[in-house]
Protein chains: 2
Amino acid sequence: MIEIIGIGPGSKATMTLEAIEAIEKAEVIIGYKTYIDLIKEMLQDKQIVRNGMRQEVERCKEAIEIAKTGKRVAVVSSGDSGIYGMAGLILELVTKEGLDLPVKVIPGVTASIGGASILGAPIMHDFCHISLSDLLTPWEVIEKRLRLAAEADFVICLYNPRSKGRSGHLEKAFEIMAPYKNPNTPVGIIKNIGRAEEEKCIMKYGEMNYEQVDMTTMVIIGNKSTYTADGYMITPRGYSV
Amino acid sequence: MIEIIGIGPGSKATMTLEAIEAIEKAEVIIGYKTYIDLIKEMLQDKQIVRNGMRQEVERCKEAIEIAKTGKRVAVVSSGDSGIYGMAGLILELVTKEGLDLPVKVIPGVTASIGGASILGAPIMHDFCHISLSDLLTPWEVIEKRLRLAAEADFVICLYNPRSKGRSGHLEKAFEIMAPYKNPNTPVGIIKNIGRAEEEKCIMKYGEMNYEQVDMTTMVIIGNKSTYTADGYMITPRGYSV
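Identification of chain A as Precorrin-3B C(17)-methyltransferase from Sporanaerobium hydrogeniformans is taken from an unreviewed UniProt entry.

What follows is the structure in structure tokens.
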């Protein structure tokens, strides 16, 4: 069997009981090396298959081959495995091959939720996730989603906001949303969520420092009602207080 | 101090270690009675304050009053406390009063993520959350978000999809999104996520049975690429497989 496990933002504290138990019971653990390293103290006596970035298809095919031999396999992703993680790819491959292989998806705390908890309560109202990576999605689709999401006044959580190869995407995204976002809109930035080097900062939309953002960062842009108070970023749901 | 805790969809298995520990350490537990009942076996020897629906402001004010006496208070929400939960309201009240009261938000697995894991992998690409409750949000805002989210081809997760007082909202929402959603788009429906009575079903957008949906239900509407295979609902991220 294959269990596809979201390990949360990065510390055991934010893993679910179910995820911890599944890892404990697994015989083989497969994942991107950075995620494997996050949970390495839980992996004594297990067969470990680490691989690099952009090897997702190979990783999932390998997991399936090992599971076919009858072993209990855990595929780990950070955050939730069903959000830009490995759950989709495993299920695509298993169903395409018509395999009779039990697959279980074990949910986890994704980066937007983990990051929001550190900032205060920025995603209390309708929000969306948009990945700025155009490795698998045409940039035109991403631009359209940014524009319509901003027009709809969603709180917007940006995944994969900025990498070395795509250092200009974040700035372009902010330009696209600018007609709909007041320059005073709070923007929350959280780096290395749940890890020792965790950092947060809240700035204004119109004074955004793009250099501060890298691939380990979650960017949360408020809606028209979002405000900051005492260092918290808060999106009211609408109660009279 | 106040800890605002997301207890996940409904079973201890989907709670994080951090949430379990915070509940164990708390002296007073406050929450909507249905959520308190979900975790009642963890609450021996604790002071419990249960209250009803639509008493959110009173509940949070009471939590703050008790915390001011020096007690360690846990406010529990199902799912994640920062998503349509109690985190925003507590922080609004604490900052408005200018209180020097430590507040910690402990994230949890929200219903869309829990529901997605049961359906397969429907939220693998950009998605949004929209609540259909117009108790605190004007219906026009909800309509606008539905229309723009459908036009942007987000996977759409509907919270509070249908209650006795608002039995027509879901059907209206489907009408608004219809120009952008192919009638064959898969729609996943999950009831009582993580509880003994959990039920799931996948239907087509054009053949939606609104009667099957109530307030305990999560509705996940696919994007243009979402498909079903072997009973799973899958939104591909875009890998070549």
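Now that the structure is up, let's keep going.
What follows deals with the overall build of chain A. Looking only at helices and strands, chain A features seven helices and 13 strands. Here the C-alpha radius of gyration of chain A, 19 Å, is about what a compact globule of 241 residues would show, namely 18 Å. Reported as C-alpha extents along the three principal axes, the dimensions of chain A are approximately 55 × 35 × 35 Å. Classification of the 241 residues of chain A by burial places 61% in the buried group. Pairs at least 24 apart in sequence give 69% of the contacts found in chain A among residues at least 6 apart. Of the roughly 9200 Å² of accessible surface on chain A, 47% is carried by carbon and sulfur atoms.

What follows is about the sheet that holds strand 1 (residues 2-6) of chain B. For sheets, the rule is that strands pair by backbone hydrogen bonds, running either parallel or antiparallel. Residue and element names in this part refer to chain B. Judged by pairing direction, the sheet is parallel, and its five strands sit side by side in the order 3-2-4-1-5 without closing on themselves. Bordering the open sheet on either side are strand 3 (47-51) and strand 5 (103-106), each of which pairs with just one other strand. Shown here is a sheet whose adjacent strand axes are inclined to one another by a mean of 20 degrees, direction ignored. Where strand 1 and strand 4 (residues 73-77) come together, five bridges link them in parallel fashion.

Right, let's talk about helix 7 (residues 169-177) of chain B for a bit. Residues and elements named next belong to chain B. Turning to helix 7, its buried residues number three or more, namely H169, L170, A173, F174, I176 and M177. Buried residues in helix 7, looked at end-on, bunch into an arc of 160 degrees, giving them a common side. Its buried side turned inward, helix 7 meets helix 6 (139-151), strand 8 (155-159), strand 9 (186-191) and strand 11 (217-221).

What follows deals with the pattern of salt bridges. Two side chains that carry opposite charge are able to pair once their charged atoms sit near each other. Residues and elements named next belong to chain A. A full pass over the atoms with the stated rule returns 17 salt bridges over all chains. R72 serves as the salt-bridge partner of E3, at 3.3 Å between the closest nitrogen and oxygen. Placement of E3 in strand 1 (residues 2-6) and of R72 in the loop between helix 3 (56-68) and strand 4 (73-77) is noted, with a sequence separation of 69 residues between them. Its relative accessible area of 4% is what places E3 among the buried residues.

A few words on the relation of the copies chain A and chain B. Mapping chain A onto chain B calls for a screw motion: a turn of 180 degrees about the axis and a shift of 0.0 Å along it, with 0.0 Å RMSD after fitting. With respect to symmetry, the two chain copies, as superposed, fit the operation of a two-fold axis.

For the rest of this paragraph, the subject is the interface of chain A and chain B. On the chain B side, the residues contacting the 68 residues of chain A number 68 residues. Summing both partners gives a buried area of about 6300 Å² for chain A against chain B, and 63% of it is carried by carbon and sulfur. By the criterion of area lost to chain B, the three top residues of chain A are R145, Y239 and V241 of chain A, representing 12% of everything that side buries. Taken together, the links from chain A to chain B amount to four salt bridges. Here D126 of chain A ties to R145 of chain B by a salt bridge, and the two come within 2.9 Å at their closest N and O atoms. Run the count over chain A and chain B and you get 30 residue pairs in polar contact (both at pLDDT 80 or more). Considering every element that reaches the side of chain A that touches chain B, the biggest residue donor is helix 4 (residues 87-96) of chain A, with eight residues.

With that settled, consider helix 6 of chain B. Spanning 13 residues, helix 6 of chain B covers 18 Å between terminal C-alpha atoms, matching the ideal 18 Å at 1.5 Å per step. Buried residues along helix 6 of chain B sit against helix 6 (139-151) of chain A together with strand 7 (127-131), strand 8 and helix 7 of chain B. Remark: D153 of chain B follows helix 6 of chain B within two positions and exhibits a positive phi of approximately 60 degrees.

Once that is clear, we can look at the side chain of D80 of chain B. Note that D80 of chain B resides in the loop between strand 4 and helix 4 (87-96). Of the side chains bearing the opposite charge, R237 of chain A lies closest to the buried D80 of chain B, which forms no salt bridge; the N-O distance is 12 Å. Within the structure, the side chain of D80 of chain B is placed 3.1 Å from the backbone nitrogen of G82 of chain B, a separation counted as a polar contact. Leaving out residues up to four positions away in the same chain, D80 of chain B has contacts with I113 of chain A together with G6, G85, I106, P107, G108, V109 and T110 of chain B.

So, about the packing of helix 3 (residues 56-68) of chain B against helix 4 of chain B. Residue and element names in this part refer to chain B. The contact between helix 3 and helix 4 brings their axes to 10 Å, and the two run at 55 degrees. When the axis of helix 3 is compared with that of helix 4, the two are oblique. Crossing hand, helix 3 versus helix 4: right-handed. Judged by residue contacts, E56, V57, C60, K61, A63 and I64 of helix 3 engage L89, I90, L93 and V94 from helix 4. The residue inventory of the contact of helix 3 with helix 4, partitioned by class, reads eight nonpolar, no polar and two charged.

Reading the values: the criteria
Residues numbered from 1 in each chain as written. Chains lettered and ligands numbered in written order. Predicted model: local features only at pLDDT ≥ 70, side-chain atom pairs only at ≥ 80, totals over all residues. Heavy atoms only, no water. Helix = DSSP H or I, 4+ residues; strand = E, 2+ residues; numbered from the N terminus. Rg over C-alpha atoms; globule rule 2.2 N^0.38 Å. Buried < 20%, exposed > 50% of the residue type's maximum accessible area, 1.4 Å probe, protein only. Contact = heavy atoms within 4.5 Å. Areas by Shrake-Rupley, 256 points an atom, 1.4 Å probe, with all protein chains shown as cover. Pairing = 2+ DSSP bridges. Axes fitted to C-alpha atoms, helices over the stretch in contact; angles between N-to-C directions. Arc of directions from axis to C-beta. Salt bridge = Lys/Arg side-chain N within 4 Å of Asp/Glu carboxyl O. Least-squares fit on C-alpha atoms with pLDDT ≥ 70 in both. Buried area = accessible area lost by both parts, 1.4 Å probe. Polar contact = N/O pair within 3.5 Å; in protein donor to acceptor, adjacent residues only side chain to side chain. Expected span 1.5 Å × (residues − 1). Lys, Arg positive; Asp, Glu negative; His and termini not counted. Parallel < 35°, antiparallel > 145°, perpendicular 65-115°, else oblique. Left-handed = near helix turned anticlockwise from the far one by under 90°. Nonpolar A, V, L, I, M, F, W, Y, C, P; charged D, E, K, R; others polar.

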